[in-house]
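Structural overview
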Amino acid sequence: MKLYSTNNTAHQVNFKEAVFNSMPQDRGLYMPVDIPRLSDEFIHNLHHYTLPQIAFEVAKTLLGDATPGPDLQALIDDAVNFPAPVVKLEEDAYVLELFHGPSLAFKDFGARFMSRVMSYFLQPGEKQLDVLVATSGDTGGAVALGFLGVPNTRVTILYPKGKVSNIQELQLTTNGQNIRALEIDGTFDDCQALVKQAFTDAELNEALRLTSANSINIARLIPQTFYYFNAYAQLLRQGKKQVAFAVPSGNFGNIGAGLLAWKMGLPVHQFIAATNANDTVPAFLKTGVYEPKASVQTIANAMDVGNPSNWMRIADMFKEDMAKLSQLMTGYSYTDEQTREAMQQVFDAYQYVVCPHTAIAWRALKEWQQAHAGVAGVFLSTAHPCKFPDVFTPAMTQHIDVPQQVKELEAKISQAVSLPNSFDALKSYLLQ
Ligand SMILES: *Cc1c(COP(=O)(O)O)cnc(C)c1O
């Protein structure tokens, strides 16, 4: 597999380099030079395969010679070890539950696969890999639990003091082993600035083999294609062939992976980009003008992104045919009030509790379906509702089935180290 930078197609690297670099020097993003199509036979027979079987076939087709078959098989079996069920709520309305992984969010697919790919490419005797990541909540948990116990890696997570939910904090701070959590006396932006500075500090880069684990890494994007194929397989079993996916979107990695799956031959009828008030992409799909903005804070805070980092990838996939993109993808954006309304409507209609991000996708699907009857709609549930306890009515809270792993978390003790918002403090911590 060869990848180029979206800013310079002549700049090409292999998969291993793309994974360890994360981002090309020219600040583009890595994209496969070839996006191969799966065979029609495989697509028509998807319903005969399991999620790990589908994941293997998709990954093998895309990665080519980057990993030998048996190694890839072992890697997939280890990374994709939890289900992604499609649950029918009513005729033509299905929810794709992506929250059955260790951190209870869809980011587990990306983080778990990436951690195993990195570990696979580390040669015996190579210097330990130091993963440095800033989080506003969900990313940190997925990265921590993705890398937990992975040999020859160490993860340091910076999170803003008092600004992540209780469960998110426990997921970050109670792991021990090769995972360290730093509670920074500052905001998420401060955490991000500290991480950025670390990557440019000569002394730190001399002493440590630093790498980032953020959502622009190609090894996080690839595994997110798996569950689109697998969802389509589940709909085939229900006799549905025309499918629309509604995706709660922030940095547009999730829906970007869906579009990549489409490029590989998955016959998706429509992609619906669902956002909160951060409506840069829905506005673009309406006006044709792409205008990044400063982000605004909402109750669906994992989607508070004004300049989606994966947009470059989507634009690159459709650079020869932007008209096709506007046909394939529509966008809707909602206020916090509309999001709360949607959470209530979902609860009333199906006795089903959705997190605010998921509620936005449901609402967008319903709005789109008003003009497109007869297409099976799947909205992606990106996180378990128990991760966002502050936004529910008491009746909803009572109805949430808290998973066993969360109950166990509550008995564990935080091992976070508190640091001031200071680069010198971070640097001496990392060097000690
Ligand atoms: C990260 C996240 C999103 C946004 O996904 P993108 O790939 O950045 O578009 C949506 N919902 C939840 C719960 C998330 O954690």
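Heads up: the structure comes first, above all this text.
Residues numbered from 1 in each chain as written. Predicted model: local features only at pLDDT ≥ 70, side-chain atom pairs only at ≥ 80, totals over all residues. Heavy atoms only, no water.

Topic: the overall build of the protein
Put simply, the test is: Going along the chain from the N terminus, every DSSP run of H or I of four or more residues is numbered as a helix, and every run of E of two or more is numbered as a strand. Computation of the radius of gyration draws on C-alpha atoms, with the globule rule given as 2.2 Å multiplied by the number of residues to the power 0.38. The classification of residues rests on relative accessible area computed with a 1.4 Å probe and restricted to protein chains. Under 20% of the type maximum is buried, over 50% is exposed, and intermediate values are partly exposed. Contacts are assigned to residue pairs with any non-hydrogen atoms lying within 4.5 Å of each other. In short, Shrake-Rupley with a 1.4 Å probe defines the accessible areas, and a residue's cover is counted only from the protein chains shown. Neither His nor the chain ends contribute to the count of charged residues, in which Lys and Arg are positive and Asp and Glu negative. Charge coordinates come from a single atom per side chain, which is NZ of Lys, CZ of Arg, CG of Asp or CD of Glu.
A count of helical and extended segments in the protein gives 19 helices and 14 strands. Against the globule reference of 22 Å for 432 residues, the protein gives a C-alpha radius of gyration of 21 Å, in line with a compact fold. Dimensions of the protein along its principal axes, counting C-alpha atoms only, are 60 × 50 × 40 Å. Per-residue burial over the protein gives 58% buried out of 432 residues. Sequence separation of at least 24 residues holds for 74% of the intrachain contacts in the protein that already meet a minimum separation of 6. Of the roughly 17200 Å² of accessible surface on the protein, 48% is carried by carbon and sulfur atoms. Of the side-chain charges in the protein, 33 are positive and 42 negative, and the distance between the mean point of each set is 2 Å.

Looking at the sheet that holds strand E14 (residues 417–420)
Cut-off, in case you're wondering: Criterion used throughout: strands pair if DSSP finds at least two bridges between them. Between N-to-C directions, angles span 0 to 180 degrees; the directions come from axes that are lines fitted to C-alpha atoms, helices contributing only their stretch in contact.
The sheet built from five strands is open, its strands ordered E9-E6-E7-E8-E14 with parallel pairing. The open sheet has two edge strands with one neighbour each: strand E9 (209–212) and E14. Across this sheet, the average inter-strand angle for adjacent strands is 30°, counted without regard to direction. The sheet contact formed by strand E8 (residues 179–185) and E14 spans four bridges and is parallel. Bridge pairing in E14 links Ile184 to Leu419.

Side note on the sheet that holds strand E12 (residues 329–333)
Judged by pairing direction, the sheet is mixed, and its six strands sit side by side in the order E4-E5-E13-E10-E11-E12 without closing on themselves. The open sheet terminates on both sides in strands that have one partner only, identified here as strand E4 (86–90) and E12. In this sheet, adjacent strand axes meet at a mean angle of 25° when their direction is disregarded. Two strands pair when backbone bridges link them, and strand E11 (residues 270–275) and E12 are joined in this way by five bridges, in the parallel orientation. By the bridge assignment for E12, Phe271 is matched with Met329. In the packing of helix H12 (residues 280–287) onto the sheet, the strands contacted are E11 and E12, and the crossing angle to E12 comes to about 125°. Here helix H16 (residues 356–369) sits on the sheet in contact with E4, strand E5 (93–97), strand E10 (243–248), E11, E12 and strand E13 (376–381), set at roughly 165° to E13.

A short note on the packing of aromatic side chains
Threshold: Centres within 6.5 Å are what make two rings of Phe, Tyr or Trp a pair, Trp counting through its six-membered ring; a difference in plane orientation under 30 degrees is then read as stacked, over 60 as edge-to-face, and the rest as tilted.
Considering all chains together, one arrives at 16 aromatic pairs under this definition. Between Phe245 and Phe271 the ring centres are 6.3 Å apart and the planes differ by 25°, which places this aromatic pair in the stacked class. Taken together, the positions of Phe245 in strand E10 and Phe271 in strand E11 put the pair 26 residues apart, joining distant regions of the chain. A single burial state applies to Phe245 and to Phe271, both of which are buried.

So, the packing of helix H10 (residues 218–237) against helix H11 (residues 253–263)
Basically, it comes down to this: Angle categories are assigned with fixed cut-offs, so that under 35 degrees is roughly parallel, over 145 is roughly antiparallel, 65 to 115 is roughly perpendicular, and the rest are oblique. Handedness of each helix crossing follows the sense of rotation of the near helix against the far helix: counterclockwise by less than a right angle gives left-handed, clockwise gives right-handed.
Running from N to C, H10 and H11 point in directions that differ by 65°, and their axes come no closer than 8 Å. On the basis of the axis angle, H10 is roughly perpendicular to H11. Handedness of the H10/H11 crossing: right-handed. For the pair H10 and H11, contact is made by Leu221, Gln224, Thr225, Tyr227, Tyr228 and Phe229 and by Gly253, Asn254, Ile255, Gly256, Ala257, Gly258, Leu260 and Ala261, respectively.

What about the pairing of strand E6 (residues 129–134)?
The criterion, for reference: When the strands point away from the viewer, a crossover counts as right-handed if the path from the first strand over the helix to the second runs clockwise.
Of all six residues in E6, six are buried, a share of seventy percent or more. Both faces of E6 are covered, namely the face carrying Leu129, Val131 and Val133 and the face carrying Asp130, Leu132 and Ala134. Inspection of the sheet shows E6 paired to strand E7 (residues 153–160) by six bridges, in the parallel sense. Directly across from Asp130, in E7, lies its bridge partner Arg154. In this fold, the crossover linking E6 to E7 by way of helix H6 (residues 138–147) has right-handed handedness.

Observations regarding the side chain of Asn276
Counted only if it meets this: Any pair of N or O atoms that falls within 3.5 Å is considered a polar contact. Within protein, one atom must be able to donate a hydrogen and the other to accept it, and sequence-neighbouring residues count only if both atoms are side-chain atoms.
Among the secondary structure elements, Asn276 is positioned in the loop between E11 and H12. At 2.9 Å, the side chain of Asn276 forms a polar contact with the side chain of Thr298. Setting aside its immediate chain neighbours within four residues, Asn276 contacts Thr298, Ala300, Met303, Asp304, Ser333, Tyr334 and Ile360.

Considering the site of the ligand
Defined as follows: Nearness is defined per residue: one heavy atom within 4 Å of the molecule or strand is enough.
Around the ligand sit 15 residues in total, of which Lys107, Asp138, Gly250, Asn251 and Thr382 are the nearest. In the environment of the ligand, an oxygen atom lies 3.2 Å from a nitrogen or oxygen atom belonging to the backbone of Gly253. With respect to the ligand, the side chain of Thr382 contributes an N or O atom lying 2.8 Å from a nitrogen atom. Protein contacts shield 96% of the accessible area of the ligand, which totals 390 Å² for the unbound molecule.

What about the environment of Val375?
Position of Val375 relative to the elements: it lies in the loop between H16 and E13. Considering only alpha carbons, one finds Val375 and Gln432, 57 residues apart in sequence, at a separation of 58 Å. Each residue touching Val375, except ones within four places of it in the same chain, is listed here: Asp92, Gln242, Val243, Ala244, His269, Trp368 and Gln369.

Examining unusual backbone geometry
A positive phi is found at Ser22, a non-glycine position, where the angle reads about 70°. Looking at where Ser22 falls in the secondary structure, it is placed in the loop between helix H1 (15–21) and strand E3 (30–32). Ser22 gets classed as buried once you look at its relative accessible area, which sits at 3%. Positive phi outside glycine occurs at Leu104, with the angle close to 65°. You can see Leu104 is positioned in the loop between E5 and helix H5 (107–121). Assessed through its relative accessible area of 2%, Leu104 is described here as buried.

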